[in-house]
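Residues per chain are reported as follows:
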Amino acid sequence: MKTIQKMYEHLNWANQRILETLQSIGDENQDVFRLFSHILLAEKVWITRLHGLDSSRLPIWSDVDIEVCTELVIQNEESLTTFLTNLANTDLDKLISYTNSKGKEFKNSVRDVLTHIALHGQYHRGQINSRLRAEGIEPVNIDFITFVR
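In this text the structure is predicted, and so the values were computed from the model without any measurement. Position labels on residues start from 1 in each chain and follow its written sequence. Where totals are concerned, whole chains, interfaces and linings use all residues; where local detail is concerned, this predicted model gives features only for residues with pLDDT of at least 70, and gives and counts side-chain atom pairs only at 80 or more. Only heavy atoms go into the side-chain values, all of them from the structure, while hydrogens and water stay out.

### What about the environment of Ala88?
We count a stretch as a helix when DSSP gives it H or I for four or more residues in a row; a strand needs E for two or more, and each element gets its number in order from the N terminus. Looking at the element boundaries, Ala88 is found in the loop between helix H3 (66-85) and strand E1 (95-99). Partly exposed describes any residue whose relative accessible area lies between the buried limit of under 20% and the exposed limit of over 50%, with all areas from a 1.4 Å probe on protein chains only and scaled to the type maximum. The exposure class of Ala88 is partly exposed, given its relative accessible area of 32%. The spatial distance from the C-alpha of Ala88 to the C-alpha of Ile66 is 35 Å, given a sequence separation of 22 residues.

### Comments concerning the packing of helix H2 (residues 30-50) against H3
To describe two helices that pack against each other, one gives the angle between their axes and the distance between the axes. Think of each axis as a best-fit line through the C-alpha atoms, taken over the contacting stretch in the case of a helix, with angles from 0 to 180 degrees between the N-to-C directions. It is the contact of H2 with H3, at a shortest axis distance of 10 Å, that shows an interaxial angle of 30°. The two elements H2 and H3 cross, and the hand of that crossing is left-handed. Seen from H2, the contacting residues are Phe33, Phe36, Ser37, Leu40, Leu41, Glu43, Lys44, Ile47 and Leu50; seen from H3, they are Ile66, Cys69, Leu72, Val73, Gln75, Asn76, Ser79, Leu80 and Phe83. Looking at the contact of H2 with H3 residue by residue, the classes come out as 12 nonpolar, four polar and two charged. Handedness of a crossing is defined here by the sense of rotation of the near helix relative to the far one, left-handed for an anticlockwise turn of less than a right angle and right-handed for a clockwise turn. The contact definition used throughout considers only heavy atoms, calling two residues in contact when any of these lie within 4.5 Å. In this count, Pro and Cys sit with the nonpolar residues alongside Ala, Val, Leu, Ile, Met, Phe, Trp and Tyr, while Asp, Glu, Lys and Arg are called charged and the others, Gly among them, polar.

### What about the environment of Tyr98?
Among the structural elements, Tyr98 can be located in strand E1. Tyr98 sits in the buried class, given a relative accessible area of 9%. The residues touching Tyr98, leaving out its near neighbours within four places in the chain, are Trp46, Arg49, Lys104, Glu105, Phe106 and Asn108. At 2.6 Å, the side chain of Tyr98 forms a polar contact with the side chain of Asn108. Here a polar contact is taken to be a pair of N or O atoms separated by no more than 3.5 Å, where protein atoms must pair a possible hydrogen donor with a possible acceptor and residues adjacent in sequence count only if both atoms sit in side chains.

### A look at helix H1 (residues 2-25)
The end-to-end C-alpha separation of H1 is 35 Å, in line with the 34 Å expected for 24 residues at 1.5 Å each. Among the residues of H1, those classed as buried are Ile4, Tyr8, His10, Leu11, Asn12, Ala14, Asn15, Ile18, Leu19, Thr21 and Leu22. Once H1 ends, the next one or two residues include Gly26, with phi positive near 80°. Each helix should span, by expectation, one fewer than its residue count multiplied by 1.5 Å.

### Examining the pattern of salt bridges
Any carboxyl oxygen of Asp or Glu within 4 Å of a side-chain nitrogen of Lys or Arg constitutes a salt bridge here. The tally for this structure, following the rule as stated, stands at five salt bridges. Between Arg111 and Asp93 there is a salt bridge; the shortest N-O distance is 3.1 Å. Separated by 18 residues along the polypeptide, Arg111 in helix H4 (residues 110-134) and Asp93 in the loop between H3 and E1 bring together distant segments of the chain.

### As for the packing of aromatic side chains
Classification of ring pairs rests on two measures: the distance between centres of Phe, Tyr or Trp rings, Trp counted by its six-membered ring, which must be within 6.5 Å, and the angle between planes, read as stacked under 30 degrees, edge-to-face over 60 and tilted in between. Using the criterion set out here, one finds four aromatic pairs in the structure. Note on Tyr98 and Phe106: the rings are 5.7 Å apart at their centroids and 25° apart in plane angle, and the pair reads as stacked. With relative accessibility at 33%, the residue Phe106 sits in the partly exposed group. When the ring of Phe144 is compared with that of Phe147, the centres are 5.9 Å apart and the planes differ by 45°; the resulting orientation is tilted. Of this pair, Phe144 and Phe147 both sit in helix H5 (residues 144-148), three residues apart, roughly one helical turn. Under the relative-accessibility criterion, Phe144 is labelled partly exposed at 38%. Every member of this aromatic cluster is reached through a ring pair, and the members are Trp13, Phe144 and Phe147. We note Arg49 situated over the ring of Trp46; from NZ or CZ to the ring centre the distance is 4.4 Å. The rule is short: NZ of Lys or CZ of Arg within 6 Å of the ring centre and within 35 degrees of the ring normal puts a charge over the ring.

### Regarding the packing of H1 against H2
Interaxial distance between H1 and H2 falls to 11 Å at its minimum, and their mutual angle equals 150°. One finds that H1 runs roughly antiparallel with respect to H2. Our pair here, H1 against H2, has a crossing hand that is left-handed. Residue-level contacts link Leu11, Asn15, Ile18, Leu19 and Leu22 of H1 to Val32, Phe33, Phe36, Ile39, Leu40 and Glu43 of H2. In terms of residue class, the contact of H1 with H2 is made up of nine nonpolar, one polar and one charged. For classification purposes, angles smaller than 35 degrees are called roughly parallel, those larger than 145 roughly antiparallel, those between 65 and 115 roughly perpendicular, and all remaining angles oblique.

Quick look at the structure:
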């Protein structure tokens, strides 16, 4: 459980660092904003699923502005922190059932869903950094080892 907690502390830190960078560069690169909003919208979808609620109508790709991203960063951090605070080690192997946006049903363990959320965001934050570099903007150091120093 300590590893999962640390992964989510890193996720929240990395989201905040990306957000601050995007706030400082303006909304010129819509592709970067779309990737960041995708991370945040997907987190919201998975949080909804972890709570046993229907997520099938929630968007995972949408053109949202920096203000919406800011709100999602705050909401997702609060929701994930509360969820993890109330989560027992024995809950990690419980299965959750959910239906995706295409109507297909799945079951996954809480542990696998939490791992997916953390890795999914890191993957797309890497894409964001690649696009920032291509635009001549310094990529955001979101390495885990930097976070724990």
